Every structure is written in structure tokens, then in C-alpha cells.
Amino acid sequence: AALEALNAGDKVEILTSATFNVDHTFVAADYTLGENATLTVQKDIVAAVGTKLTVAAGSTIVVESGAHIDISNLTKDDFKPSAQSNLEIANGAKVTMPAFVEQLWDDAYLRVVLESMLEGSDIGAQLVIGDTTWTKTASGWQHHDHAPADIVVVPGVPATCTTEGTTDGKHCSVCGEVIVAQT
């Protein structure tokens, strides 16, 4: 079924491979990525409250440059990744995880498991867990908390009768992350 035709409570199982190449908000359906299947994300995906996501062993989620997956709304009961699954985040891509993953990241053993799942990620990939942004570097995953002094406000430009204006934006002066994009 087309993603746009899904209803809350529907079940979606990806058995081989699928590519999301349009911005999409998952309805509160039950999504399963089957064993050894691949999901490629090329645009922005947001999981609505109530979405369930199961990722089987051997499966891979590939997040291409410029894409963002936001699964921050998922709860422990809704998000079931296998330790033998892979999350490959390209440079210029970002994944926002549920806040409860922060507790797992702080546990030394579970952090090793999570880093193993993220092994195929490119240098420059971003993983947001709670209020902390982690960036993949040559030496591993490094975090940076956005202190108020590090946040730079980029003033918007008022519209004129000949040009469109922009809204205020914000970015981190340390890691470069765009916190509020100018539109």
C-alpha cells in the first residue's frame, strides 16, 4: 500500500528493500523491517506518536546525506531494534532517537552494542539522543551539548515588495548544527 494510504494501526512489513524518497510522517502504524532487509531514507521521516518500529537481525537502515529520521516520539515499547541490525548514517544526515536511548548510551556494555550497530556510519553523521548531539569522528562518536553561549542567532531579513524575507535562524558555533533553520 502507498504510505499516504496507511491508517493508524495498519501493519507494514518490509521483507527485502524499500526506499523513502519523499518527506513523510509515519502514521501510528506498526512497521517491521524484516531479517536482512534494507530501508533507504533519502528525505525526512518523522514517526508520529504511537508508531511502532521493529528492526530484525541482519537488517539495515541507510540514511542518505541530507535526510533526517526523527523517531523521538517512540517509547521503549514501540522501538525494538535488534542488536544485530545496522544503522548507517551518511555525512550530512541526522537521526533523532527517543530520549530513553540516552540511558542505554550511558551504560558501557549497551553503548558498545549501539556503536556496533552504527559502525557503518560516515564521519560527520549526526545522532541526536535527548538533548545531546553526537557526531561521528575518526576517533568514534563525540558529543556536544549546546550551551547557550554556543548558540548563534542569525537574524531574519524582512520581506520587501521585490524579495522574500527569511525568519530568524539558530546554529551552534562549536559543531555547526542548525538548531532552527531559516525559512
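None of the values given here were measured: they were computed from a predicted structure.

Rules used throughout
Residues numbered from 1 in each chain as written. Predicted model: local features only at pLDDT ≥ 70, side-chain atom pairs only at ≥ 80, totals over all residues. Heavy atoms only, no water. Helix = DSSP H or I, 4+ residues; strand = E, 2+ residues; numbered from the N terminus. Rg over C-alpha atoms; globule rule 2.2 N^0.38 Å. Buried < 20%, exposed > 50% of the residue type's maximum accessible area, 1.4 Å probe, protein only. Contact = heavy atoms within 4.5 Å. Areas by Shrake-Rupley, 256 points an atom, 1.4 Å probe, with all protein chains shown as cover. Lys, Arg positive; Asp, Glu negative; His and termini not counted. Charge placed at Lys NZ, Arg CZ, Asp CG, Glu CD. Pairing = 2+ DSSP bridges. Axes fitted to C-alpha atoms, helices over the stretch in contact; angles between N-to-C directions. 1 Å grid on protein atoms, 1.4 Å probe; cavity = no way out; pocket = protein on both sides within 12 Å on 5 of 7 lines; lining within 4 Å. Points joined across faces, edges and corners; volume = space filled by probe spheres on them. Nonpolar A, V, L, I, M, F, W, Y, C, P; charged D, E, K, R; others polar. Salt bridge = Lys/Arg side-chain N within 4 Å of Asp/Glu carboxyl O.

**A short note on the overall build of the protein**
Logical step 1: When helices and strands are tallied, the protein shows 2 helices and 18 strands.
Logical step 2: Taken over the C-alpha trace, the protein has a radius of gyration of 18 Å; the compact-globule value for 183 residues is 16 Å, and the two agree within 12%.
Logical step 3: Each principal axis of the C-alpha atoms in the protein carries an extent, and together these give about 55 × 40 × 25 Å.
Logical step 4: Going through the 183 residues of the protein one by one, you find that 36% of them count as buried.
Logical step 5: Contacts spanning at least 24 positions in sequence make up 44% of the contacts within the protein whose residues lie at least 6 apart.
Logical step 6: Total accessible area on the protein stands at roughly 9900 Å², and carbon and sulfur atoms take up 54% of it.
Logical step 7: Computed over 9 positive and 24 negative side-chain charges, the inter-centroid distance for the protein is 4 Å.

**Quick look at unusual backbone geometry**
Logical step 1: With phi around 65°, Asn36 is a residue other than glycine that occupies positive phi space.
Logical step 2: The topology assignment puts Asn36 in the loop between strand E4 (30-33) and strand E5 (38-41).
Logical step 3: Given a relative accessible area of 53%, Asn36 falls into the exposed group.

**Here's the deal with the sheet that holds strand E11 (residues 86-89)**
Logical step 1: Within the open sheet, the 4 strands sit side by side as E2-E5-E8-E11. Their pairing is parallel. Single-partner strands in this sheet number two, and they are strand E2 (17-20) and E11. Each adjacent strand pair in this sheet contributes to an overall mean axis angle of 10°, direction not counted.
Logical step 2: Two strands pair when backbone bridges link them, and strand E8 (residues 60-63) and E11 are joined in this way by 4 bridges, in the parallel orientation. Among the inter-strand pairings, Val62 is bridged to a residue of E11, identified as Glu88.

**Side note on empty space enclosed by the protein**
Logical step 1: Applying the stated criterion across every chain yields a total of 1 cavity of 30 Å³ or more.
Logical step 2: In this structure, the largest cavity encloses a volume near 370 Å³.
Logical step 3: Lining the largest cavity are 28 residues, with Leu53, Val55, Ile61, Ile71 and Phe79 sitting closest to its centre.
Logical step 4: Residues that form the lining of the largest cavity fall into these classes: 25 nonpolar, 3 polar and no charged.

**Considerations on the sheet that holds E4**
Logical step 1: With respect to topology, 4 strands assemble into an open sheet ordered E1-E4-E7-E10, the strand pairing being parallel. The open sheet has two edge strands with one neighbour each: strand E1 (11-14) and strand E10 (79-81). The sheet shows a mean angle of 10° between the axes of neighbouring strands, taken without regard to direction.
Logical step 2: When E4 meets strand E7 (residues 52-55), the two strands line up parallel, connected through 4 bridges. Pairing of Thr32 across the sheet is with Thr54, part of E7.

**Section: the pattern of salt bridges**
A pair can form between side chains of opposite charge whenever their charged atoms are brought close.
Logical step 1: Summed over all chains, the structure comprises 2 salt bridges.
Logical step 2: The salt bridge involving Asp30 is made with Lys11; its shortest N-O contact spans 3.3 Å. Taken together, the residues Asp30 in strand E4 and Lys11 in strand E1 connect sequence positions 19 residues apart.
Logical step 3: Take Lys11: its relative accessible area is 67%, and that puts it in the exposed class.
Logical step 4: One salt bridge connects Asp78 with Lys52, and the closest N-O pair in it is separated by 3.1 Å. Separated by 26 residues along the polypeptide, Asp78 in the loop between strand E9 (68-70) and E10 and Lys52 in strand E7 bring together distant segments of the chain.

That is the geometry; function is a separate question.
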